[in-house]
Amino acid sequence: MKKHTWLLLANIPTFLWMITLVLLSLVHRQVPQAGWLLLHVLFLGAASSAVMVWSAHFMDALLRLPPDALNRRGLTARLALINLGAVAAVVGVWISAMSLVAAGAVLVMTAAGWHGVAIWRVVRRSLPSGYEFVAHYYIGAAAFLVVGAGLGGVLAHSSNAELAARMVVAHTIVNLLGWIGLAVAGTIVTLLPTVMRMRLPESTVRNAQMAMRWLFGTIVVAWFGALIQSQLLLVVGLIGYIAAWTWLQYPFIRRIALEGVPQVDTPNRFASWSLMAGCAWFVVTIAAWAVQLAIAPSWFQAAAWTGRVAVPFATGFLVQVLLGSLAFLLPVILGGGPRHVRQAIHAMEWGATFRVGLANAGLVAFMLPTPSLVKVAGSTLALGAFASFLPLVAKAIYGRFRTDGDDAPAVPPRKLRVKDSALRQRSSALASAGVAAGISIVMLAVVAAVAVDPAAAGRATPASAHSGHHVQVAPTGQTTTIEMSAADMTFTPGRIEVPAGNRLVVMLVNRDTMVHDLVFANGASTGRISPGQSGTVDVGVISSDLAGWCSVVGHRQMGMTVDVVAVGVPAADDTAMAGMDHDGESGADATIDFMRKPSEGFVAHDPRLAPVSSQRVHKETLRVKEVEREVAPGVTQRLWTFNGSMPGPVLRGKVGDTFDITLINDGSMGHSIDFHAGSLAPDKPMRTISPGESLQYRFTATRSGIWMYHCSTMPMSAHIANGMFGAVVIDPPNLAPVDQEYLMIQSELYLGAQGGMVDEAKLNGERPDAVVFNGYANQYDYRPIDVSVGKRIRIWVLVAGPNRPTSFHVVGGQFDQTYAEGRLLLDGHSSGGAQALALAPAQGGYVELTLPEAGNYPFVSHIMFDAEHGAHGIFHAS
């Protein structure tokens with residue numbers, strides 16, 4: 001088999017992994033462990049296959065080896081091993097089979113070690129060529145993959161949360177900076193000058209040899225720092241790595257600075273721009289990572305920030321370097337003579353700079369602390385730009401084999417080679433225009449996303465005036481600048497004195513773990529600020545006292561307020577605040593008419609409980625969604641929900657079952673989740689995640705009962721009252737079957753304005769507007785639940801609260817079996833009975849009964865105020 005044909009076939013696994021990556025990106029919201037899978041499909045699958053193939057190719061070309069010196073058959077075996085290992089690891093995580101993950105890690109370690117030894121043996125037998133240093137990069141990279149794969153296998157079986165957090169950091173260092181970073185460093189130092197038609201600077205070899213030692217050493221330092229819990233060593237290692245990478249590229253950077261970018265626009269425009277953009281993302285990403293690790297308050301936070309860094313590292317750096325390299329190399333390995341090579345280049349150059357501009361602007365929109373819709377828009381455009389590479393490759397391959405020899409259509413020379421300065425300037429202008437067009441499309445998408453959801457972007461609706469009375473104060477022309485911080489539900493400082501007539505500018509630094517903003521009564525706002533970020537707001541000229549607060553629901557009531565005092569004018573009264581609700585917006589609260597019926601098309605929440613499945617591992621994706629829903633006839637509220645419903649999806653299993661939950665925050669503020677059915681340290685799985693982020697929550701059900709899950713972000717009461725709760729039913733062993741089984745979750749409504757959110761004042765005063773079953777007042781009065789006379793019924797009951805208990809009772813029925821909080825209270829075999837099941841908030845149980853004759857049997861909370869305010873329904877027996 002010819003060498004070019006073999007190279008083309010050897011790259012098939014890389015392209016299959018890339019296709020898998022695109023498909024997985026399109027459906028990742030519905031896929032458990034999607035973040036982990038996306039990264040490992042790219043790093044362990046596509047990138048590892050490409051590195052193994054092209055490192056062998058570059059060794060062959062640079063060292064001028066005799067035919068098959070690297071043993072093509074052995075290389076094929078190593079490719080098979082590393083791809084089998086990658087498949088085993090990915091599938092193992094997908095189906096939660098840790099033994100399969102461990103087997104995959106062993107296969108990857110074997111392939112990497114074998115590859116490093118093979119290159120080392122070839123280098124020892126080769127004649128001196130001046131490029132042996134590239135082999136040393138590849139050998140070091142392979143050694144780090146052996147270590148990194150081993151760490152990955154250990155990490156999959158780790159049960160110690162803090163150790164696992166440090167292992168995540170160490171695993172990321174040796175794989176990203178060692179395996180991928182060293183392999184790319186060794187390749188790029190010769191590939192990029194070749195792509196850009198540059199003469200390799202004389203100092204390149206010397207710098208590369210020195211940089212290789214420093215890169216290797218700094219990786220070891222950073223890795224060791226993670227293992228021994230030394231943030232100092234960790235950060236020093238990362239900074240040293242950046243310095244070594246810069247030193248490696250210094251001759252190349254210096255030449256560009258002195259002579260400009262030669263022929264960057266032709267003929268491999270996409271390869272040039274993509275490689276340069278990838279290198280820029282590489283340096284910026286590692287620098288940002290070093291800063292984040294330096295200020296991380298715990299190893300859990302360090303692991304979380306490491307996970308965030310992996311995204312720009314993967315997309316900004318690795319994808320662009322991979323695509324840029326393939327865009328240059330594939331036309332060559334396709335072969336067929338100069339005409340076919342030019343034709344393949346032309347096919348893959350379609351919209352080159354436009355694609356690069358679109359991809360990088362989209363990534364910036366995704367990575368910045370932007371609202372969820374902006375992140376979706378940016379990531380979608382970037383994915384489209386990257387994915388367009390695949391059909392262009394297919395087009396190039398098709399063009400290569402469609403015709404032979406002189407029958408191939410000629411490619412216009414001007415699109416491949418620029419021969420005079422005028423045409424070169426025109427081509428450069430077109431290249432710049434392509435980048436600008438890509439950036440412009442992303443900017444338009446960002447504007448459209450903000451227009452669709454302005455509240456999430458922090459665009460507050462201005463109030464009519466400042467708080468207090470209005471006094472005409474002449475502007476002084478001076479500016480008072482204040483730096484504030486947000487942490488622990490407090491603004492510091494909480495009082496600002498400003499000379500009357502001065503302009504006030506506030507810079508807010510969010511030092512908390514959740515999203516905040518700062519809104520003033522005159523409408524000035526910082527917009528939403530993510531953890532670790534900052535924002536600035538020009539409040540305007542201060543002529544009277546002014547109130548400020550965090551507009552995230554519940555935060556103002558928990559003390560996130562600031563008072564601006566105008567020095568030199570009388571204190572203001574509160575008249576301008578009249579008519580404003582508790583979040584600074586005008587409008588009266590919605591009210592419920594308990595005599596009103598819903599519309600004819602009303603569909604009640606399905607109370608039937610699905611039977612337990614035979615699965616022992618339950619995978620579920622819960623997406624935070626902000627939706628406006630009817631909660632009583634004619635009354636709507638903007639709820640925060642899991643998967644769009646209140647209550648959220650019901651999970652059911654048996655003792656010993658494992659639940660693998662992916663939480664995705666598609667809301668406009670921070671949220672979290674707490675499963676009472678699992679017993680584990682809450683630090684990491686129950687942490688608050690910002691909009692656009694996700695987390696994995698894995699627990700094993702060790703005890704039976706009906707358990708609550710809910711958002712645990714502060715103020716917890718507001719998040720529960722606004723819809724963020726659900727149930728996990730773990731069947732007691734030997735639970736007897738019944739004819740009909742239902743679930744009732746009781747909660748409270750504290751209504752804000754029509755279409756608004758929870759009223760914090762009512763919530764803090766424990767003044768509910770309604771107490772409801774399954775999220776809607778009296779819904780089973782309007783749509784009674786059909787049951788059968790003489791059939792055995794089991795009703796599971798959970799009190800979500802957040803404040804009120806229940807005394808669950810079926811009018812006209814008697815319970816012969818009751819179960820509460822893991823204990824059977826009445827076993828059904830005695831002459832005794834029960835009339836009600838009493839449960840406090842976050843408690844649950846079940847009752848069983850048989851209805852003796854046809855008719856309507858109301859069920860209520862026997863706390864009569866609650867029964868008369870929505871906690872009421874009907875079983876219709878027939």
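1. Structural notes on the overall build of the protein
Step number 1: Broken down by element type, the protein carries 20 helices and 27 strands.
Step number 2: Out of the 878 residues belonging to the protein, those deemed buried represent 55%.
Step number 3: Sequence separation of at least 24 residues holds for 75% of the intrachain contacts in the protein that already meet a minimum separation of 6.
Step number 4: Within the structure as shown, the protein displays about 36,300 Å² of accessible surface, and the carbon and sulfur contribution to it stands at 59%.

2. Focus on the nonpolar core
Step number 1: Counting residues in each nonpolar core, the largest one holds 139 residues, and the members touching the most others are Met-18, Tyr-137, Leu-177, Ile-180, Phe-313, Phe-317 and Phe-389.
Step number 2: Counting residues per element, this core draws most heavily on helix H11 (residues 299-334), at 21 residues.
Step number 3: Sequence-distant contacts of Leu-177, that is, excluding residues within four places in its chain, are made with Thr-172, Leu-182, Ile-219, Leu-238, Tyr-241, Ile-286, Trp-289 and Phe-313.
Step number 4: Met-489, Leu-504, Val-537 and Ala-547 belong to the second largest nonpolar core, which has 60 residues in total.

3. Remarks on the pairing of strand S14 (residues 694-700)
The side chains of a regular strand alternate, residue by residue, between the two faces of the sheet.
Step number 1: Across the two faces of S14 the burial differs, with Leu-695, Tyr-697 and Phe-699 buried and Ser-694, Gln-696, Arg-698 and Thr-700 not buried at all.
Step number 2: Note: strand S12 (residues 658-665) against S14, 7 bridges, orientation antiparallel. When the sheet's bridge partners are listed, Leu-663 is paired in S14 with Leu-695.

4. Describing the side chain of Ser-325
Step number 1: For Ser-325, the position within the fold is in helix H11.
Step number 2: Its relative accessible area of 13% is what places Ser-325 among the buried residues.
Step number 3: Residues contacting Ser-325, with those up to four places away along its chain left out, are Leu-191 and Leu-275.

5. A word on the sheet that holds strand S3 (residues 495-499)
Step number 1: One open sheet holds the 4 strands; their spatial order is S3-S8-S7-S5, and the pairing between them is mixed. The open sheet terminates on both sides in strands that have one partner only, identified here as S3 and strand S5 (519-520).
Step number 2: Where strand S7 (residues 546-549) and strand S8 (residues 561-567) come together, 4 bridges link them in antiparallel fashion. Bridge assignment links Leu-546 to a residue of S8, and that residue is Val-564.

6. Concerning the side chain of Ser-704
Step number 1: Secondary-structure assignment places Ser-704 in the loop between S14 and strand S15 (705-710).
Step number 2: Among the polar contacts made by the side chain of Ser-704, one reaches the side chain of Tyr-819 at a distance of 3.3 Å.
Step number 3: The residues contacting Ser-704, other than those within four sequence positions of it, are Val-655, Ile-730, Asp-731, Pro-732, Pro-733, Tyr-819 and Gly-822.

7. Description of helix H2 (residues 12-27)
Step number 1: The terminal C-alpha atoms of H2 lie 23 Å apart, and with 16 residues this matches the ideal 22 Å at 1.5 Å per residue to within 8%.
Step number 2: Three or more residues of H2 are buried, namely Thr-14, Phe-15, Trp-17, Met-18, Leu-21, Val-22, Leu-24 and Ser-25.

8. Section: the packing of aromatic side chains
Step number 1: Tallied over the entire structure, the rule returns 25 aromatic pairs.
Step number 2: Aromatic side chains Tyr-819 and Tyr-846 sit 4.9 Å apart centroid to centroid with 10 degrees between the ring planes, which places their arrangement in the stacked category. One end of the pair, Tyr-819, is in strand S22 (residues 817-820); the other, Tyr-846, is in strand S25 (residues 844-850), with 27 residues separating them in the sequence.
Step number 3: Judged by relative accessible area, Tyr-846 falls into the buried class, the value being 2%.
Step number 4: With a centroid separation of 4.7 Å and 40 degrees between ring planes, the pair formed by Phe-859 and Phe-875 is classed as tilted. Within this pair, whereas Phe-859 is found in strand S26 (residues 855-861), its partner Phe-875 is found in strand S27 (residues 872-877), the two being separated by 16 residues in sequence.

9. Remarks on the environment of Gln-746
Step number 1: Mapped onto the elements of the fold, Gln-746 is located in strand S17 (residues 740-749).
Step number 2: The class for Gln-746 is buried, based on a relative accessible area of 1%.
Step number 3: Separated by 99 residues in sequence, Gln-746 and Pro-647 place their C-alpha atoms 9.3 Å apart.
Step number 4: Each residue touching Gln-746, except ones within four places of it in the same chain, is listed here: Val-771, Val-772, Phe-773, Leu-798, Val-799, Ala-800, Gly-801, Arg-804, Pro-805, Thr-806 and Ser-861.

10. Brief notes about the pattern of salt bridges
Step number 1: Here the structure, examined in full by the defined rule, presents 17 salt bridges.
Step number 2: Its salt-bridge partner being Arg-495, residue Glu-497 comes within 3.3 Å of it at the nearest N-O pair. Taken as a pair, Glu-497 and Arg-495 share a single burial class, namely exposed.
Step number 3: Among the salt bridges present, the one from Asp-769 reaches Lys-762, with a minimum N-O distance of 3.1 Å. One exposure class covers both Asp-769 and Lys-762, and it is buried.

11. Here's the deal with the sheet that holds strand S10 (residues 635-642)
Step number 1: Read across the open sheet, the 4 strands follow the order S10-S9-S12-S14; overall the sheet is mixed. Each edge of the open sheet is held by one strand with a lone partner, namely S10 and S14. Along the sheet, successive strands turn relative to each other by an average axial angle of 25 degrees, direction set aside.

The rules behind these values
- Residues numbered from 1 in each chain as written.
- Predicted model: local features only at pLDDT ≥ 70, side-chain atom pairs only at ≥ 80, totals over all residues.
- Heavy atoms only, no water.
- Helix = DSSP H or I, 4+ residues; strand = E, 2+ residues; numbered from the N terminus.
- Buried < 20%, exposed > 50% of the residue type's maximum accessible area, 1.4 Å probe, protein only.
- Contact = heavy atoms within 4.5 Å.
- Areas by Shrake-Rupley, 256 points an atom, 1.4 Å probe, with all protein chains shown as cover.
- Core = buried A, V, L, I, M, F, W, Y, C linked by side-chain atoms within 4.5 Å.
- Pairing = 2+ DSSP bridges.
- Polar contact = N/O pair within 3.5 Å; in protein donor to acceptor, adjacent residues only side chain to side chain.
- Expected span 1.5 Å × (residues − 1).
- Phe/Tyr/Trp six-rings, centres within 6.5 Å; stacked < 30°, edge-to-face > 60°.
- Salt bridge = Lys/Arg side-chain N within 4 Å of Asp/Glu carboxyl O.
- Axes fitted to C-alpha atoms, helices over the stretch in contact; angles between N-to-C directions.

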